[in-house]
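# Report on the structure
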Amino acid sequence: MKPNRVLLTAASAIFSAQVMAGQAVFYVTEDGSAVRDLAVSVDGQKKLVSTSGFVVFDIDSGKHTVELSKYGEWMGEFDFSTAASEQNAEVQVEMIAGEAMPEINVYTPGSEEVAVLGQLSGYLQSEETGGPVSGARVSIAGTEQGVMTDEEGFFSFELPRGEYSLVINHPNYGERDVKDVRVMGSVNTGVNLTMSMSGDGMIEEVVAVGTYIPSTATAQERDSSAVLDAIGSEQMARFGDSSAASALNRVAGVSVVGGQYAVVRGMGGRYIASRLNGSPMPSTDPMKRDVPLDLFPASVLGGIDIQKSFTPDMPGDATGGAILMNTKGLPDETMSKASVTLGMNDRTTFSDIGSYQGGDTDYLGYDDGTREMPGFADSLTNGGRDSVNYCGNPNNCLVPGSEEAIDFGTSFENIYDAQTAEAKPERGFSVSTGHLYDSGAGYYGAFQYKDKWTARHDAKLNSSSESGTYERSQRKVDVTGYFVAGIEGNSYDVTSKTILLRKTDDTVKTERVYNDSLDQDVSNVTLQWVERQYLGQQFSGGVYFDGIGTDEVKWRVGVAQTKRDEPDRRSYEFINGNILAGGLERRFSELTEDSFDLGVDYTTEMTLGDTTFLELKAGLDYSNKDRTVDMGRFGIATLDFANADQTGSLEDILDRDAFENGTYGFTTRTTDTDNYKATSETSAGYLSGKIDLGDWSLLAGARYEDFTQELKYPDAGGIKNSLDDDAVLPAVSASYRLNEEWQFRASVTSTVSRPGITERSASVQYDPETDDPLIGNPDLEISDITNFDLRAEYYFSDEESITLAYFNKTVDSPIERTVANGDGNAADGYTFRNEDSADINGIELDFRKNIIDSDSWTGFLSGNISYIDSEVTLEAASAQLEKRSSRELQGQSDYLANIQLGFDHLPSGQSVTFLANYFSDRIYATSRGDIDNEIEDGRVTVDMVYRWDYSDTLVFKGKANNITDAKVSYSQGDNEIESYYTGRNYTATAEYIF
């Protein structure tokens, strides 16, 4: 921004009034930031440098001796002279490798023919949201000159050297004054300010002169050593993302399958490393290695980084990418807020959907014991592990109709019938509070609750053998608790984070189809309650000191437990109106995974010469996971076929009389490998170096990982299988900065993909969506991957950019889900095999541009499009079963696209954002023989998000999801085998800040 003549005249007048003859202004920085705790002595008079990096002395004419010290330790000295008492001095001191490098400018105020200019630029951040404050007017006190902060909260002036006061006005944040902002000639003064809606009219400035900590996603991506996509908390709020899953849907090259599981650059969970605050995530799903990202609500997330290229400080299995989630930290000041949310679905809310009799605490997402395994059945069968037989000899087995057989049968709640209930509106609330003390200590706590009903409407099935309809409804209850406490000192910080995340899904599914080949009418009912929980405690910290260079040691320790509790899953089947006794199953399963991890990272930065910068990093990681899966499966045996009632309601068929007269009896169906214990342990160390040669930056390093995995089956005679591996994974990358706008990156790395526990388990698990059996393969091997990345980046400004990326990944022996080699029911299941090879190529285009920038309106357009091509070469067994030699990766779309269009009306504090997401067809499941694979058809979804900052303390938000009510469909060849609608969702939130 160039100053006009009026501004220069006014600023010069202000400066002349302020200036005192014989003044020396010192500005001390290191690596562009203010130096803390440093003392400056001028002619024996000592003062501490302020937090802004400035210190001012009154001086006379003559020679002046300057000494610098820190904690009493000498840091350097130099001299300067002034010829007259009216002369001033500006002294810029840069500390380089502990040595003071001064730049001295002596001048006589008012004598310059042309005013010497410096730059004053800044960033306004909201205390309440943590994001930028856009649309604020920043003016120079005593003048009529001012500018508006842009969408990212930035502003900038060019001013004559001197001391100024700023006045900041915003329709929601009110008026703020910033006193004594100093501008030095030919120097950039950066003023980072935090504004609160409940402020007192004054604001304390924090100055980082000559440099900015990346405060926007664009800046963070620009400064990263890797190919990185960043999502800030402000962006998640702007786009109305409720969880990490919905936020990732908007990232180039990323899609989310089933609303939970990320596919990055065509690669699913086994190729993705997910970390929460640096700690590896344990699993809540026994069927998948993927981390269910819907478990992490946006309300506790401070940001998400998707690092798409491997670096040595990342896990070795981060092939597709590393999803790095960080929860919120300490607040900048005291703040509390509360919000309430109401929502509805235009198809579901107030309509009749599937339900059944549950417990009294279902609304909390906790089962009250209604669904627990009955105590009698538990003790009689050892949790379902011991088989139960019926005969006429009570010494050998149960006698039909005996007291014990009756007690066994009637111990299970006789609840089977799917009923209807009116779907209630979505409702939820959240509260949070935080405080920051003068000592640097602080805390922040948050709690959130949400209760939402969903359903599939007009659901149809039309496969080659079956056709009909089904209904599927869910009640979803989410509970989140979060607490962080810590302290930040000048040379250290310590933080404790406690996290509780719960998601409960109560599902009812009824299916009515006609089987053409068997000429049968088939009805299926499933009643399912699943509680997923993550409970974690993390400690982390850092120590900052001057050692080899500018050094830091960061450490973390974390313990966590994840659980997936599925009590009393009931499924049964009627054929031509008759109960299929063998088709009834009551399943009780619980997965518990305990994890422990620790890590330490050491970084040193130093300057070599005038333009060379060196960074060295080294670190150690250790993680251990212990998983226990307990499962008990029960079914019904028909003991008296002649008198068995097989029609009508299942609750009528299996009433007490059915057990008293010996017609039916409960039995166990648990196999010897249904219950297992597993341990995974990874030890790692890495070393990397990055050298900055001005326009060029080069990074090289390697990571060593030692991995062990062991599975044991206590009920199968001590059967166990183990996998051991160690690997050295090198990484080399380079970036070239052509100028301020253009930057180019390239990297070549090696990574691995290890099979998950379920994939190697001898236990037959069941897909939670389809209930198809999943058969593990203990002989799976580890896949080796070579990755190549290339990206060009062009930056219009600090928040505007366009990037174009190309990537290639070559996978040796990829692990793929494929059809099982079996007969009967086993032929309907899936297993896992190491295929021959896979090759993935892709192109990603990502952009963001401001399209309106006026005093009243701002607007932006952003988006991305990705093309991904993959080919999996099948090994002989898979090729024979699937009747093809190659295919695409499962879950991978050829095309992905996102678009976001946003507008802000600054005077009224209102904003609206339109969002569209598209993915093309992707393989949902492979098929046997000449039958085409099952495909999830591509679709477009459109959302809209609205926000109104009504006052300093009240904010209204609204969101409309799936505005076009896009049909969800699956096909096989030219045949649509399944389709349904989910309806449009509307939510409104009121937020009160106090």
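Above this text sits the structure in question.
All values reported here derive from a predicted model rather than from experimental measurement. (Residues numbered from 1 in each chain as written. Predicted model: local features only at pLDDT ≥ 70, side-chain atom pairs only at ≥ 80, totals over all residues. Heavy atoms only, no water.)

### Re the packing of aromatic side chains
- One pass over the structure, following the stated rule, counts 32 aromatic pairs.
- For the pair Tyr992 and Phe994, a centre-to-centre distance of 5.5 Å together with 20 degrees between the ring planes defines the contact as stacked.
- Exposure remark for Tyr992: the relative accessible area of 44% places this residue in the partly exposed category.
- Connected via pairs of aromatic rings, a cluster forms that spans Phe408, Phe412, Phe588, Phe634, Phe659 and Phe666.
- The ring of Tyr830 carries Arg817 above its face, with NZ or CZ at 4.4 Å from the centroid.
- Directly above the aromatic system of Phe796 lies the positively charged group of Lys849, at a separation of 5.3 Å from the ring centroid. (Phe/Tyr/Trp six-rings, centres within 6.5 Å; stacked < 30°, edge-to-face > 60°. Buried < 20%, exposed > 50% of the residue type's maximum accessible area, 1.4 Å probe, protein only. Lys NZ or Arg CZ within 6 Å of the ring centre and 35° of its normal.)

### Details of the nonpolar core
- Among the nonpolar cores identified, the biggest contains 35 residues, and Leu248, Leu293, Phe296, Ile304 and Met325 are the most heavily contacted of them.
- By residue number, the principal contributor to this core is helix 4 (residues 244-248), which donates four residues.
- Each residue touching Phe296, except ones within four places of it in the same chain, is listed here: Ser243, Ala244, Leu276, Met281, Val291, Leu301, Met325 and Leu501. (Core = buried A, V, L, I, M, F, W, Y, C linked by side-chain atoms within 4.5 Å. Helix = DSSP H or I, 4+ residues; strand = E, 2+ residues; numbered from the N terminus. Contact = heavy atoms within 4.5 Å.)

### Side note on the pattern of salt bridges
- This structure, assessed with the given rule, holds 57 salt bridges.
- Between Asp621 and Arg556 there is a salt bridge, with the nearest N and O atoms lying 2.6 Å from each other. Taken together, the residues span a long stretch of sequence, with Asp621 in strand 36 (residues 612-638) and Arg556 in strand 33 (residues 550-575) at a distance of 65 residues.
- The closest approach of N and O atoms between Arg737 and Asp692, which form a salt bridge, is 2.9 Å. Note that Arg737 is positioned in strand 40 (residues 719-737) and Asp692 in strand 38 (residues 676-692), a separation of 45 residues in sequence.
- Assessed through its relative accessible area of 22%, Arg737 is described here as partly exposed.
- It is possible to trace a salt-bridge network through shared partners that takes in Arg556, Asp597, Asp621, Arg703, Glu705, Asp725 and Arg754. (Salt bridge = Lys/Arg side-chain N within 4 Å of Asp/Glu carboxyl O.)

### A look at unusual backbone geometry
- Even without a glycine there, the phi angle at Phe350 is positive, about 70 degrees.
- The class of Phe350 is exposed, set by a relative accessible area of 51%.

### Re the sheet that holds strand 14 (residues 162-170)
- Judged by pairing direction, the sheet is antiparallel, and its four strands sit side by side in the order 12-11-14-15 without closing on themselves. Unpaired on one side and paired on the other, strand 12 (146-148) and strand 15 (174-183) mark the two borders of the sheet. Sheet twist, expressed as the mean angle between neighbouring strand axes with direction ignored, is 20 degrees.
- Relative to strand 15, strand 14 runs antiparallel, the two being bridged by eight bridges. Opposite Asn169, over in strand 15, you have Glu175 as the bridge partner. (Pairing = 2+ DSSP bridges. Axes fitted to C-alpha atoms, helices over the stretch in contact; angles between N-to-C directions.)

### As for the sheet that holds strand 47 (residues 830-834)
- Taking strand neighbours across the sheet as the criterion, the four strands line up as 42-43-47-46 in an open arrangement whose pairing is mixed. The strands lining the two open edges of the sheet, one partner per strand, are strand 42 (764-766) and strand 46 (815-819). Ignoring which end each strand starts from, the neighbouring axes of this sheet average 35 degrees apart.
- Relative to strand 47, strand 43 (residues 773-775) runs parallel, the two sharing two bridges. Across the sheet, the residue bridging to Ile775 is Thr831, located in strand 47.

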